[in-house]
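If you want the building blocks of each chain, they are given just below.
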Amino acid sequence: MNRHSLRVLEFEKIRHRVRERCLTDEAAAAIRRERVRTEAGAIRAMLDRVEVLKSCLATTVDFPDLSFPAVTAILDRVAKEGTVLEPPEIARIALFASSSHALHRYLRAAADAAGTATRLASFIGDHPPVRPIYERLFRYVDPDGSVREREIPQLRAIRGEILRAQQDLQKSAVSLAQRDDVKRLLSTSVPTQRDGRTVLALKADHRGKLHGIVHEVSGSGATVFVEPEDLVARNNAVVEAENRYRNELLRIMRDLSSFCRGAIGTLRDTRALAVDIDLVLCRARFARDYGCERANPGVERLLLRGARHPLLGDAAVPINVDMPDGKRVLIVTGPNTGGKTVTLKTIGLLALMNQFGLEIPAGPGSEVPVFTGVFADIGDEQSIEQNLSTFSGHMRNIARILNHADDTSLVLLDELGSGTDPEEGGALAMAILDELLARRPFTVVTTHHGRLKHYGFTHPQALNASVEFDSDSLRPTYHIIPGVPGSSHAVEIASQMGILRSVTSQAKAYLAGEEYDTGRIIRRLTDREQELHRQEQEIRRRECVIDQEARGFAARAQDLERREQEVRSGRLRELEQWASEARSRLENLVREIREGELTKEKTQAVKAFIAEIGDDLGRERDSAATPARSVAGRDRPSAEVPDPAATLDDSRPSEGVAVRLRSSGKEGVVQRRGKGTTWIVQLGPVRLPVEEHDLVPIRLREEDPSVSYAGASAGDHAPSLELDLRGYRLEDALAAVERQIDRALLSGLRDFGIVHGMGEGVLQQGVRELLREHPHVAAFEYARPEEGGFGKTDVHLR
């Protein structure tokens, strides 16, 4: 890829930000060396992998705490026979291996949650068997590289010997220094250390009065550091113990180094796998952080939807760029500081990012072809050292571009034809575009030349575009308007920059006298096109609003249909229960008649039973004949909140009367008199006996005849669609499941979920044993991975 283009498009800054997201030093080094790809297959393969890992990052699976120290040089060293590693080096190998294993486990779990496990397995296989390796290494060293003395009996024993020897030495040294005949000879009575041995600070005047080994003389010569003869043996005991410790530690490190050498193949495979994953993961993290989307592979079309320059951050204004099939030149015009150059850089940089295996900061549906070369002539190419003017520098770059560009290239030319006489510059610019059209690269140019605006109208393979300018605020908006050229608005911008009003007024006068008829036509066309563009945007905005409302209505309709089905199911269960009770009573009556004499009392009981069945059927027919509630009635507020359409009635309850319960505020309809002072009241899908003193008759306002109480809220007795048992003790959890099943059966709910978590499995096993033995449970199974997996059980009732 052209190095000059990589520099002017600032691609290295993107490369640096990708490297910052690497977990391993090896992957960061590989990103630094990696080239921009030009093979469509390699680009597609990398983007496939980035898409999978990006989906993993979007799950709720917690990302592990990882540390990947540099291990390449350490593995190369330990591979050589006889090499003994230091404890920090052993710790680095163990830490790298354990982090690699943890990262692999995370990706497997996250891919299961995201539904991309199969795609992940296509490029990330099984992890090398590294767990026994890092577990053994961590038995001897901590992650920070310190030796785990307390876990190693031999070192722990020797460390105890060292401490005892040091205590004995210190005690003897202090005792000697406190003796009256020695204390007067010393500069200080506190023992000190020299060359790892405990010594006393003897005054130089008393040299020879204390027998021992001289280790050092102070800089002033006033103090001599002497190891008395009484301390030599004790110092030697400390040194000998420390030597035994070092020898034992060396033996352990030699064994661990040999162990790593024997597992060098597995360790290198682990490093390679971690680096391969990291090369994809750093791209996925970049895509997540910058809100990127994968671009579709374009062939004859370049399309960017809502593209943002990634280096501008929140200041970036999304732009739309479309070069459809058959168009090869896009001519962008408009005011200075209006965003033309940023548009060029955005197009070029996003093309390079796509071919580097990165998703791009643009909306879904963008299409970017694969280019064999990206050529850019952007900015001031003036060079004093090479004796090049601005115009000469541009021409040299364009000459190189014309020599290399073909139909698989992207060419970006900023301010084409500028820096020289406008007439000659315009003619040269058109000739350059003629040559580029013959070579057929995708070409985007910015210009102020009026001739190039005409060029965009007159050539079928070229099209115009402009950066929008707000005529009210006299400032650019940085949006791209396709199809029309734009004015430079030089006078307006000069006025904003502080040029005298007299100067800008005179400039406008000159323009009024010199503007060509075609210039006025283009201006009018531009204004008209901008107005159409604004209208089109407003229409699209309204379409989005309408589409959202339509989806909302559809979801509401589905919810209403589900609720209606639940009500019907509840009614059906009530009828089944009534039929079952009637059948039992009838069987009892028949048995009594068969077993005994037919009496008048038995005959009356049969007639009363038949009359009661007739009354119940009549009430059911009346209820079925009642018109269904409207949609508004179905979505009325919960009965706990008094309905403004209902007012209190002073009459006593009777069959068919609407009532409100004093105790709960729920509303229902009286069905019939119960036993004693109770009434049977229909509350939603449930019939309950209620004491008469708890009932308050209400009447409905005539203007709201659609309200009925068949769907009144079940309040605290309603079953849950998802019962969460996390944090429960087993006994409480099983009781909650029993209540949930009972409430579900009463309300007609056939399917619900139970969240029990995984943990140690006690709660999970207890719940599933209860479900397996419950007579009303038809089936149960674990939820799908994206809905909870083994931490949730879906239940289906009979």
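Heads up: these notes are all about the structure in this document. None of the values given here were measured: they were computed from a predicted structure.

On a plain count of helices and strands, the protein comes out with 23 helices and 24 strands. The burial tally for the protein puts 42% of its 798 residues in the buried class. In the protein, the share of contacts with a sequence separation of at least 24, taken over all contacts with a separation of at least 6, comes to 68%. Of the roughly 43000 Å² of accessible surface on the protein, 51% is carried by carbon and sulfur atoms.

Counted by the stated rule, this structure contains six aromatic pairs. On the numbers, 5.1 Å between centres and 80 degrees between planes, the contact of F68 with F96 is edge-to-face. Of this pair, F68 sits in the loop between α4 (40-57) and α5 (72-78) while F96 sits in helix α6 (residues 87-114), and the two are 28 residues apart along the sequence. Of the two residues, F68 and F96, neither departs from the other in class, the shared state being buried. Summarising the aromatic geometry, the rings of F286 and Y290 are spaced 4.4 Å apart at their centres and angled 25 degrees between planes, so their arrangement reads as stacked. For the pair formed by F286 and Y290, the shared burial category is buried. Its guanidinium or amino end placed over the ring of F442, R328 lies 4.2 Å from that ring's centre, counting from NZ or CZ.

Here we take up the packing of helix α2 (residues 11-19) against helix α3 (residues 25-33). Between α2 and α3, whose axes approach to 9 Å, the crossing angle comes to 165 degrees. Judged by the angle between their axes, α2 and α3 are roughly antiparallel. Two packed elements cross with a definite hand, and for α2 against α3 that hand is right-handed. Seen from α2, the contacting residues are R15, V18 and R19; seen from α3, they are A28, I31, R32 and R33. Counted by class, the contact of α2 with α3 contains three nonpolar, no polar and four charged residues.

Another point: the pairing of strand β24 (residues 792-797). Burial runs high along β24: five of the six residues are buried. Where strand β22 (residues 751-755) and β24 come together, five bridges link them in antiparallel fashion. Directly across from D751, in β24, lies its bridge partner H796. As paired strands, strand β23 (residues 777-782) and β24 are joined by five bridges and run antiparallel to one another. Paired with F780 across the strands is V795, a residue of β24.

A few words now on the sheet that holds strand β1 (residues 192-194). Read from one edge to the other, the open sheet built from four strands follows the order β1-β2-β4-β3, with strand pairing classed as antiparallel. Each having just a single partner strand, β1 and β3 (212-217) make up the two edges of the open sheet. Each strand axis lies, on average, 50 degrees off the axis of its neighbour in the sheet, ignoring direction. Where β3 lies against strand β4 (residues 223-228), five bridges are found, and the strand directions are antiparallel. Looking across to β4, one finds that I213 is bridged to E227.

The rules behind these values
Residues numbered from 1 in each chain as written. Predicted model: local features only at pLDDT ≥ 70, side-chain atom pairs only at ≥ 80, totals over all residues. Heavy atoms only, no water. Helix = DSSP H or I, 4+ residues; strand = E, 2+ residues; numbered from the N terminus. Buried < 20%, exposed > 50% of the residue type's maximum accessible area, 1.4 Å probe, protein only. Contact = heavy atoms within 4.5 Å. Areas by Shrake-Rupley, 256 points an atom, 1.4 Å probe, with all protein chains shown as cover. Phe/Tyr/Trp six-rings, centres within 6.5 Å; stacked < 30°, edge-to-face > 60°. Lys NZ or Arg CZ within 6 Å of the ring centre and 35° of its normal. Axes fitted to C-alpha atoms, helices over the stretch in contact; angles between N-to-C directions. Parallel < 35°, antiparallel > 145°, perpendicular 65-115°, else oblique. Left-handed = near helix turned anticlockwise from the far one by under 90°. Nonpolar A, V, L, I, M, F, W, Y, C, P; charged D, E, K, R; others polar. Pairing = 2+ DSSP bridges.

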